[in-house]
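Observations on chain architecture
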Amino acid sequence: MCGIVGYIGERQAQPILLNCLGRLEYRGYDSCGIAVLSSGIEVYKDAIRVEALAKVAPQLGGTVGVGHTRWATHGEPSQLNAHPHCDCSGNIAVVHNGVVTNSQSLKKQLTSEGHNFVSETDTEAIPHLIEKYYDGNLEEAVEAALRDVDGSYAIIVLAAGEPRLVAARKDSPLIIGIGDRENFIASDVPAILDYTNRVIYLEDGDIGVITKDNIKVRRNGTEVDRKEHEILWSIEDAQKGGYEHFMLKEIHEQPRVIRDTLGEWVSIGEPAVDLAVMMRTGLEALLLLACGTSYHAALIGKYIVEELVGIPVRVELASEFNYSGQTLVKTGAIVITQSGETADTLKAVKRLKEVGCQVLAITNVVGSTASRIADQTVYTRAGPEICVAATKSFIAQLMVLYWLVMSYSKAEARRLASLLTELRHLPSKVQQVLDNEDTILECANYLSRYENMLFIGRGINFPVALEGALKLKEISYIHAEGYAAGELKHGPFALLGGDTPVVAILAHDNTYEAMLTNIKEVKARKSPLVALAEEGDEAIGELADFVITVPRVDAIFSPVVNSVALQLLAYYIAKQRDCPIDFPRNLAKSVTVE
Ligand code: G6P
């Protein structure tokens, strides 16, 4: 969602803040702004892109400042609602991620005490509260103000006459970047990778006081030690590297991502983590929880676990799970989240932990909140994913699931050995899909004029249909639905016809014949039909209007090759329609509010 940055050092803050904000664009935003401390606090903000802000903003001279990219929740995207927000005197500026849930009552109270609000945001209450409590000690004022605030926040506070920044977090990520005679604060690692790879992760309840030479973290009035981490991502990982879009680069990185994520486990045959810890005595079911694309990885995980381990798996959208009335039984849970910061997913983890569940997190971000509150964490090695639409992080999640399950599986040794061999060959199979890009591009040109599309699959490829449809709607704005092929007759048949193409996803497993029947039914209703099928599948050639072939793999791995083909299809359709592929409207990479 929103991104925040802070800089304090010896260099001019403005260009650094703008550069960091540019690196945060991928999180999604609709307005942005900066505040720099010169003789007083100078603010420049608007409902425009960072690049435009850099062009129109006056030179705000100063070596301390804060910046923000806003994704509107309270109040429309506008100049007044953009951050930073100030108190009445203009001596305190605040950037904020999260939601102040009691902002209405705070506003009422503060207004009655003479504070004048100018925006519709929940955030504006914070600088006014700090102003109310400020009597010369900024960190104490921030601490006092936050005692009145309900909800979630990551904030950075800049105050006139104070050569330091004060930062605090609760349920929203915040890191401190350590430089040489300069320090940084940011909501996300890629924001500061141009300047440093040494970071400290603040924890909920921490207050950081940062000067150019010193970092002090305290909680409940006492100073605490926070470990320094070295980030292994490089700035090149977070750049386009010659590709037109991050999405295309990230799709093409997937053979490498598979190799890195499986890493040494596959070569030495060691389990990624001891899944047995979770499957301990009495555990008869597994709960998989996630949101968005990660939820689709979880759905695929259900098929993998049920086939190779044979225990029932429940898959839940974290956002729904949090409001279900069910009693939480003691069970093992795997939460999947590329960012490690999705608010709904974190809330679910906390609920599970309260009732004594073992929670394993699969995440791409070292030090993320999910990794810190789960019992065990397995990291995907996707590297920074900048495009809002997830691609390589999804494939990396699948790799972790395959390996976790295979290392615990009770399946027959010969079957496991053959799967292991296939797993080792997956990078080259994915490369073959990428090498088929021209055919996919041709298919994209064929589909790009339609406004509605259905994706169908069965079994382990049903979630692939969901993910194919999600990718397409996210980046091309075409209305697309994923359906279990057998469900078409129960409603979506009414939509079939020449204007509604159907993309059918096949695998050579026990669903194949039923899929062919469904495809014939679709053709009989005159919908243009695109099929994703294995090489050598002759039957499909006679039925489909367009066939994208994918390499032959064991059906359990078919979601990998099929999903990569669908990622490219969505990409080229969106490109044909001239969409802002990496940063689709209204979407955010890291959804830190419920
Ligand atoms: C957002 C992102 C998606 C992601 C989803 C879940 O909607 O745009 O790409 O799949 O959040 O995020 P998570 O970080 O929990 O995987």
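Residues numbered from 1 in each chain as written. Predicted model: local features only at pLDDT ≥ 70, side-chain atom pairs only at ≥ 80, totals over all residues. Heavy atoms only, no water.

Let us look at the layout of surface pockets. Rolled over the atoms, a probe as big as a water molecule pinpoints where empty space is left. Of the pockets and cavities examined, the largest pocket occupies roughly 480 Å³. Taken together, the elements giving at least two residues each to the lining of the largest pocket come down to helix 9 (292–308), strand 18 (332–337) and helix 16 (462–476). With four residues, the top contributor of residues to the lining of the largest pocket is helix 9. Considering only residue class, the lining of the largest pocket consists of 11 nonpolar, 10 polar and two charged. Roughly 370 Å³ of volume is contained in the second largest pocket. Taken together, 21 residues make up the lining of the second largest pocket; nearest its centre are L232, W233, N364, V366 and R381. At the level of elements, strand 15 (228–230) and helix 7 (254–268) are the ones that each hand at least two residues to the lining of the second largest pocket. Here the lining of the second largest pocket is composed, by residue class, of 10 nonpolar, four polar and seven charged. Here the lining of the second largest pocket spans two domains, and each of domain 1 (3–237) and domain 2 (243–411) adds at least three residues to it. (1 Å grid on protein atoms, 1.4 Å probe; cavity = no way out; pocket = protein on both sides within 12 Å on 5 of 7 lines; lining within 4 Å. Points joined across faces, edges and corners; volume = space filled by probe spheres on them. Helix = DSSP H or I, 4+ residues; strand = E, 2+ residues; numbered from the N terminus. Nonpolar A, V, L, I, M, F, W, Y, C, P; charged D, E, K, R; others polar. Domains from an automatic or database assignment.)

Moving on, we get to the environment of M453. With respect to the helices and strands, the residue M453 is situated in strand 21 (residues 452–457). Of the residues examined, M453 reaches a relative accessible area of 1% and is grouped as buried. Excluding residues that lie within four positions of it along the chain, M453 makes contacts with L447, L472, I478, H479, A480, E481, P501, V503 and I573. (Buried < 20%, exposed > 50% of the residue type's maximum accessible area, 1.4 Å probe, protein only. Contact = heavy atoms within 4.5 Å.)

Cis peptide bonds are those with omega within 30 degrees of zero, and the linkage from H83 to P84 qualifies with 0 degrees. Position of P84 among the secondary structure elements: in the loop between strand 4 (64–70) and strand 5 (85–86). The residue D171 is not glycine, and still its phi comes out positive at about 60 degrees. Residue placement: D171 occurs in the loop between strand 8 (165–170) and strand 9 (175–178).

Here the domain parsing of the chain yields domain 1 (3–237), domain 2 (243–411) and domain 3 (428–579). Each of domain 2 and domain 3 was reduced to a C-alpha centroid, and the two centroids are 25 Å apart. In this complex, domain 2 contributes 27 residues to the contact, which on the side of domain 3 involves 26 residues. A combined buried area of about 2300 Å² lies between domain 2 and domain 3, and 72% of that area is made up of carbon and sulfur atoms. Taken as a group, H296, Y303 and Y402 account for 22% of the area that domain 2 buries against domain 3, more than any other trio of residues on that side. (Buried area = accessible area lost by both parts, 1.4 Å probe.)

What follows covers the side chain of S409. Tracing the backbone shows S409 in the loop between helix 13 (392–408) and helix 14 (413–435). A polar contact is formed between the side chain of S409 and the backbone nitrogen of A411, at a distance of 2.8 Å. Discounting residues that sit within four places of it in the chain, S409 has contacts with L308, V309 and L416. (Polar contact = N/O pair within 3.5 Å; in protein donor to acceptor, adjacent residues only side chain to side chain.)

This next bit is on the sheet that holds strand 14 (residues 222–224). Sheet architecture is open: seven strands sit in the order 5-6-7-8-12-13-14, paired in antiparallel fashion. Of all the strands in the sheet, just strand 5 and strand 14 have a single pairing partner and so form its edges. With six bridges joining them, strand 6 (residues 92–97) and strand 7 (residues 153–159) adopt antiparallel strand pairing. Residue pairing for strand 7: V94 is matched across the bridge by V157. (Pairing = 2+ DSSP bridges.)

The environment of the ligand is formed by 13 residues, the closest being S294, T337, Q338, S339 and T342. At a separation of 2.8 Å, an oxygen atom of the ligand approaches a polar backbone atom of Q338. In the model, an oxygen atom of the ligand is placed 2.5 Å from a nitrogen or oxygen of the T342 side chain. Mapping the ligand onto the cavity grids shows that it belongs to the largest pocket. For the shell around the ligand, the leading source of residues is helix 9, giving three residues. (Near = heavy atom within 4 Å. Sits in = over half its atoms within 2 Å of the grid points.)

Our focus in this paragraph is the sheet that holds strand 24 (residues 529–534). The strand order across the open sheet built from five strands is 22-21-23-24-25, with neighbouring strands paired in parallel fashion. Edge positions in the open sheet fall to strand 22 (479–484) and strand 25 (546–550), since each of these has one partner strand only. For this sheet, the mean inter-axis angle between neighbouring strands, taken without regard to orientation, is 20 degrees. In this structure, strand 21 lies alongside strand 22, joined through six bridges in parallel fashion. Looking across to strand 22, one finds that N452 is bridged to H479. Against the sheet, helix 15 (residues 437–447) touches strand 21, strand 23 (502–505), strand 24 and strand 25, its axis set at about 150 degrees to strand 25. Against the sheet, helix 16 engages strand 21, strand 22 and strand 23, with an angle of about 175 degrees to strand 22. (Axes fitted to C-alpha atoms, helices over the stretch in contact; angles between N-to-C directions.)

Quick look at the packing of helix 16 against helix 19 (residues 558–576) now. When two helices pack together, their arrangement is given by the angle between the helix axes and by the axis-to-axis distance. Their axes nearest at 9 Å, the elements helix 16 and helix 19 cross at an angle of 20 degrees. Taken together, the axes of helix 16 and helix 19 are roughly parallel relative to one another. Between helix 16 and helix 19 lies a crossing whose hand is right-handed. Residues V464, G468, K471, L472, I475 and S476 of helix 16 pack against P559, N562, S563, L566, Q567, A570, Y571, I573 and A574 of helix 19. (Parallel < 35°, antiparallel > 145°, perpendicular 65-115°, else oblique. Left-handed = near helix turned anticlockwise from the far one by under 90°.)

Applying the stated criterion across every chain yields a total of two cavities of 30 Å³ or more. A volume near 250 Å³ is recorded for the largest cavity. What lines the largest cavity is a set of 26 residues, among which Y26, R27, D188, S339 and V365 lie closest to the centre. Its residues assigned to classes, the lining of the largest cavity shows 11 nonpolar, eight polar and seven charged. Residue assignment places the lining of the largest cavity across two domains, with domain 1 (3–237) and domain 2 (243–411) each supplying three or more. A volume near 100 Å³ is recorded for the second largest cavity. Forming the boundary of the second largest cavity are 14 residues, of which C2, W71, T73, H83 and G98 lie nearest the centre. Classifying every residue of the lining of the second largest cavity gives five nonpolar, seven polar and two charged.

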